[in-house]
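These are the residues of each chain, in order.
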Amino acid sequence: MADNLKILVVDDEPIVIRSCVAVLKAEGYNIEGTLSGKDAILKMEQNPYDLVFTDLKMPEVDGITLIRWIKQKRPDTGIVIITGYPSQDTIKDALELGIIDYVPKPFTPAVLLDVTQRAVEWVKGKVSVTEEVKEEFPPSMIQEIDRVIKQYKNKPGSSIPALQRCQQIVGYLPPVVQKRIARGLNITPAEIHSIVTFYSFFTMKPRGDHNIRICLGTACYVKRVEEVLNKIKEDLKLEVGEVTEDKKFSLETVRCLGACGLAPVMVIDDETYGAMSPKKVPEIIEQYK
Ligand code: FES
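Every value quoted in this text rests on a predicted model; they were computed, and no experiment measured them.

(A) Representation of the sheet that holds strand β5 (residues 101-104). Pairing is parallel across the open sheet formed by 5 strands, whose spatial order is β2-β1-β3-β4-β5. Edge positions in the sheet fall to β2 (30-34) and β5, since each of these pairs with one other strand and no more. Within this sheet the neighbouring strands show an average axis-to-axis angle of 20°, counted without direction. Relative to β2, strand β1 (residues 6-10) is paired through 5 bridges, and the arrangement is parallel. Bridge pairing in β2 places Leu8 opposite Glu32. On top of the sheet, helix α3 (residues 63-73) reaches β1, β3 (51-55) and β4 (78-83); it is set at about 160° to β3, its chief contact.

Laid out in structure tokens, this is it:
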């Protein structure tokens, strides 16, 4: 569902703009594109946008400069980066500035839609990340989380290991837990939230006993992974990001599982299944029931 949010795509490659506009317009999103960071600032000075997708490498005003401008002048706007092979430092800079997510180039329509849906959820739900914490977990769990926070407090680069430990304790990282970690480590909730949404090993939703991951990357997409995904949804009556009623299975999509030669690829827990087809789905799923 498009929710009528206003989206701006900024990229100096016209093909990227054309692809984003074609894919997202077809889904009912209100989207415009521009080829330069400078023009993006002019547009944003006149109109607010809910979401901006931006390339990092652009002449004159580059992506990081644009992100800094947005954070200062339009702090309510969600930011997603579109990037080829970003260096660790560039990603680190972007994460520290509070981006929501990234779209890898070249991207498939499925990946673009997946990232857009999650970014839209973030824009609509970001208030919950800054809400006051309501304790929803057993006191023993809270104590364990606090122990982890104490262990990592004031240590540079500690947010990822702290989040990993907390995810092991709780099973997932809902906003209430993110907020507690952010406060404990003295980091903004937005920064913690962007780390959680950026790395696929973190999840904001509970997982089932068996977690199914379907790759929507280019190699898998061209080999019709969507048919596999649809078969799983149909057989387990399960949507992406959800858990079955009996809590046995959860379903996630990812951008590349690093096994492109085996495309299309599905992973259940730590087991990789290559050359997947809808026909193979029932037999594999049966093994986990
Ligand atoms: S694109 Fe699917 S594993 Fe790489």
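(B) Main features of the domain arrangement of the protein chain. Examined at the domain level, the protein chain breaks down into domain 1 (6-125), domain 2 (139-198) and domain 3 (210-286). Each of domain 1 and domain 2 has a C-alpha centre, and the two are 27 Å apart. Counting residues at the interface gives 10 residues for domain 1, matched by 6 residues for domain 2. Both sides together, the interface formed by domain 1 and domain 2 hides about 750 Å², and carbon and sulfur atoms give 66% of it. The largest per-residue losses of area from domain 1 upon contact with domain 2 belong to Leu95, Ile100 and Trp122, which jointly make up 49% of the total buried on that side.

(C) Summary view of helix α7 (residues 159-170). Taking 1.5 Å of rise per residue, the 12 residues of α7 would be expected to cover 16 Å, and the 16 Å separating its terminal C-alpha atoms lies within 8% of that figure. Within α7, burial applies to Ser159, Ala162, Leu163, Cys166, Gln167, Ile169 and Val170. One side of α7 holds all its buried residues, which, seen down the axis, span an arc of 155°. At its buried positions, α7 is contacted by α6 (139-152), α8 (175-185) and α9 (189-198). Where α7 terminates, the next one or two residues include Gly171, which has phi positive at roughly 100°.

(D) Fine view of the pattern of salt bridges. The final tally for this structure, using the stated rule, is 13 salt bridges. The salt bridge involving Asp101 is made with Arg255; its shortest N-O contact spans 3.1 Å. Of this pair, Asp101 sits in strand β5 while Arg255 sits in the loop between β7 (249-254) and β8 (266-268), and the two are 154 residues apart along the sequence. A single burial state applies to Asp101 and to Arg255, both of which are buried. Across the pair Glu252 and Arg207 runs a salt bridge, and its minimum N-O distance is 2.6 Å. Separated by 45 residues along the polypeptide, Glu252 in strand β7 and Arg207 in the loop between α9 and β6 (210-215) bring together distant segments of the chain. The class for Glu252 is buried, based on a relative accessible area of 14%. A single network of salt bridges, built from pairs that share partners, joins Asp11, Glu13, Asp55 and Lys105.

Reading the values: rules and limits
- For every chain, the first residue of its written sequence is number 1, and the numbers climb from 1 along that sequence.
- Local features in this predicted model are restricted to residues of pLDDT 70 or higher, and side-chain atom pairs are both shown and tallied only at a pLDDT of 80 or more, whereas totals for entire chains, interfaces and linings draw on every residue.
- Side-chain numbers come from the whole structure's heavy atoms, not from hydrogens or water.
- When DSSP finds two or more bridges between a pair of strands, those strands are recorded as paired.
- What counts as a helix is a DSSP run of H or I of at least four residues, what counts as a strand is a run of E of at least two, and both are numbered from the N terminus.
- The axes are straight lines fitted to the C-alpha atoms, using for helices just the contacting stretch, and the angles between their N-to-C directions are given from 0 to 180°.
- Contacts are residue-level and defined by heavy atoms, with any inter-residue pair within 4.5 Å sufficient.
- The domain boundaries here were taken from an automatic or database domain assignment.
- The term buried area refers to how much accessible surface (probe radius 1.4 Å) is lost by two components on association, counted for both of them together.
- Expected span of a helix: the number of residues minus one, times 1.5 Å.
- The cut-offs for exposure are 20% and 50% of the maximum accessible area for each residue type, with area from a 1.4 Å probe on protein chains only; residues under the lower value are buried, those over the upper are exposed, and the others partly exposed.
- When we speak of the arc, we mean the arc of directions from the helix axis to the C-beta atoms.
- For this document, the term salt bridge refers to a Lys or Arg side-chain nitrogen within 4 Å of an Asp or Glu carboxyl oxygen.

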